[in-house]
Amino acid sequence: MRILVLLLFYHYATKNAKSYQTSNPNFILIMVDDLGIGDLGCYGNKTLRTPNIDKLAKGGVKFTQHIAASPLCTPSRAAFLTGRYPVRSGMAALSNIGVFLFSASSGGLPPEEITFVKLLKQKGYSTALIGKWHLGMNCNSRDDFCHHPLNHGFDYFYGLTVTSLRDCKPGEGSVFVAGIRAYLATPLQLIGITLISLEVLHYIDLLRIPRGALRYFFLISTVLFGLLLIFFYTFPYLNCFLMRNHQIIQQPLSYKNLTQRLTEEAVQFIGRNADAPFLLFLSYLQVHTALYASKDFKGKSKHGLYGDAVEEIDWSVGKILDVLEKWSLNDKTLVYFTSDQGAHVEEVSSTGEVHGGYNGIYKGGKATNWEGGIRVPGLLHWPGVVQAGVHIDEPTSNMDIFPTVVKLAGIPLPKDRIIDGHDLMPLLQGKTLRSEHEFLFHYCNAYLNAVRWHPGNSESIWKAFFFTPNFDPEGSNGCYNSHVCYCYGRLVTHHNPPLLFDLSRDPGEKNPLTPETEHRFYEILDVIQQAVNNHTKSLHIVSNQLSWGNILWKPWLQLCCSSFFLSCYCDHESEEKASLPKA
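Residues numbered from 1 in each chain as written. Predicted model: local features only at pLDDT ≥ 70, side-chain atom pairs only at ≥ 80, totals over all residues. Heavy atoms only, no water.

(A) Examining the overall build of the protein more closely. Scanning the protein from N- to C-terminus turns up 15 helices and 16 strands. Relative to its length of 583 residues, the protein is compact, with a C-alpha radius of gyration of 25 Å against a globular reference of 25 Å. By principal-axis analysis of the C-alpha atoms, the protein measures approximately 95 × 75 × 50 Å. Expressed as a percentage of its 583 residues, the buried residues of the protein come to 58%. Counting only contacts in the protein whose residues sit at least 6 apart along the sequence, the fraction spanning at least 24 positions is 74%. Separation of charge centres in the protein, based on 51 positive and 51 negative side chains, amounts to 3 Å. (Helix = DSSP H or I, 4+ residues; strand = E, 2+ residues; numbered from the N terminus. Rg over C-alpha atoms; globule rule 2.2 N^0.38 Å. Buried < 20%, exposed > 50% of the residue type's maximum accessible area, 1.4 Å probe, protein only. Contact = heavy atoms within 4.5 Å. Lys, Arg positive; Asp, Glu negative; His and termini not counted. Charge placed at Lys NZ, Arg CZ, Asp CG, Glu CD.)

(B) Highlighting a nonpolar patch on the surface. A contiguous nonpolar surface patch, about 680 Å² in accessible area, is contributed by Tyr 216, Leu 219, Ile 220, Val 223, Leu 224, Leu 227 and Ile 230. You can see Ile 230 is positioned in helix 7 (residues 211-239). Relative accessible area serves as the criterion here: at 48%, Ile 230 is assigned to the partly exposed category. (Patch = residues over 30% accessible without salt bridge, like charges linked within 9 Å, V, L, I, M, F, W, Y side chains within 5 Å. Areas by Shrake-Rupley, 256 points an atom, 1.4 Å probe, with all protein chains shown as cover. Salt bridge = Lys/Arg side-chain N within 4 Å of Asp/Glu carboxyl O.)

(C) Quick look at the pairing of strand 1 (residues 26-32). Of all 7 residues in strand 1, 7 are buried, a share of seventy percent or more. Burial along strand 1 is two-sided: the face carrying Asn 26, Ile 28, Ile 30 and Val 32 and the face carrying Phe 27, Leu 29 and Met 31 are both buried. Bridging between strand 1 and strand 8 (residues 333-339) involves 7 bridges; their strand directions are parallel. For Asn 26, the partnering residue across the bridge sits in strand 8 and is Thr 333. Relative to strand 7 (residues 278-283), strand 1 runs parallel, the two being bridged by 5 bridges. Its bridge partner being in strand 7, Ile 30 is matched across the sheet by Leu 282. (Pairing = 2+ DSSP bridges.)

(D) Geometry of unusual backbone geometry. For the peptide bond that leads from Thr 289 to Ala 290, omega is 10°, which places it in the cis range. For Ala 290, the position within the fold is in the loop between strand 7 and helix 9 (304-326). Here the amide bond leading from Asp 472 into Pro 473 is cis, since omega sits at 5°, within 30 degrees of zero. Structurally, the position occupied by Pro 473 is in the loop between strand 14 (462-469) and strand 15 (492-502). Positive phi, close to 50°, is recorded for Phe 145, a residue that is not glycine. With respect to the element layout, Phe 145 can be found in the loop between strand 3 (126-132) and strand 4 (156-160). Backbone geometry places Ser 328, a non-glycine residue, at a positive phi of 55°. With respect to the helices, strands and loops of the structure, Ser 328 is situated in the loop between helix 9 and strand 8. Since its relative accessible area comes to 52%, Ser 328 is described here as exposed.

(E) Region of interest: the nonpolar core. Counting 65 residues, the largest nonpolar core has Ile 28, Ile 270, Leu 280 and Phe 337 as its most contacted members. When residues of this core are traced back to their parent elements, those giving at least two are strand 1, helix 2 (51-58), strand 3, strand 4, helix 8 (258-272), strand 7, helix 9 and strand 8. The dominant element in this core, judged by the number of residues it contributes, is helix 9, at 10 residues. Those residues in contact with Ile 270 that lie beyond four places of it in its chain are Ile 28, Phe 278, Leu 280, Ile 320, Val 323, Leu 324 and Leu 329. (Core = buried A, V, L, I, M, F, W, Y, C linked by side-chain atoms within 4.5 Å.)

Right under this line is the structure:
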């Protein structure tokens, strides 16, 4: 019955929709940070107000099984821009630190990677990134900008090269506390106990230790502790800054009206390019912590500061839709809306307020490959070309945007590399009933964590886990004591045979199948293992951009808009706004 309904719908859609051979369409690609699929009205939320985002769904296509290629910011965004699993570009870590934390790191999206932005720029498109980048900046010097957005196809950049963290906003605490507690608390305690013990033994004459050695040991301990304090004090100045193109315009970052500033930049870019093809990647800093909301939204939602931030994002989306209507660009523009991964369920403020989002019925969240970490909103809106009010339940990926955008712009796909994404337009326009993703591979950093299989002759969607994170505390829905879940060692549990779920019947991943409950259990796992073998053969050794050598802070790469002696402080943006004539 379901197949018959789909066939009737697709016949209608194909008959009534325009051909998508529109010449040089515009593209507005909207990505929210850490937004849960359950946070939006169009995905079932009844308490957050998101009328403008819901309007995108009502007037276009809603994917119900849209999958991020990674449950973390850096690798997910790398996959989105390149159409490739992040492990292919070296944007997947072998350590537990899976994202860039410092502006003065040397790792990033390699210059030889091809983004869809770079291809569209070569075709004559005006291109802009407004908001978060998080894919590196410099390689060897503070002005080579080898990983910078302008080196990957963007004509214009206004935003952050790293990300918004609690440490960037005074009074919000630190995202590093959990890591320091996990990795440094024991060594610091041992140092303290050792110092006290040596001093006592020396005092009671059981062990004669030269005073100089004790003082030297104490000095080293004091210096290390001092460096830790300096790190926390200087972090906002050295890592939380706003750039326009290659220039820092605000250091440290001010959160005042930040979503509104990003929106204003986006509106102005659209206006400047209303008569020529353009691509805008609007990459919001929210709802990643630190959370913020302007006075028009603060305290107005039913879900604290997190809800306020979501509703302000919705307002911003409305402004983008308004400017498209103003310039009569609606039927010339494909609008895509998504999140880079699922909601960060472990985000709780120092006062106990929940600062993470809602993943609906799905288990887990950010940093895990449970559905809550990778199943994200996926909305496509293009009046007259994409049929309105449609739900598509087939598996799709954020990597699919690469071939979709490139083909719509009339550009051939690169032939010198594997592109893992698939063009969405045949699915959107009813030329095919099935997603081209028979298999999707889910990585936890550089480790293959799970595989999704959607057989062509079945409605089932099988998902096999080779290991799963150990939730902490046990029985919870996340790794609260470490702030995020990790990918190897004692922090995960390996499964042999793999855990197997049928997402078509158990989307919440509550009931792993067994040979007794699924008679094809071993047959399914054999097919998945063969797919893994074929996938693994397609991988090549590349430089690890998230190695310790690439992610650690390097003083010679540090950008500073004033001088270190002036604490790297400037606010050129506020000065520019103050100098403008008042209306």
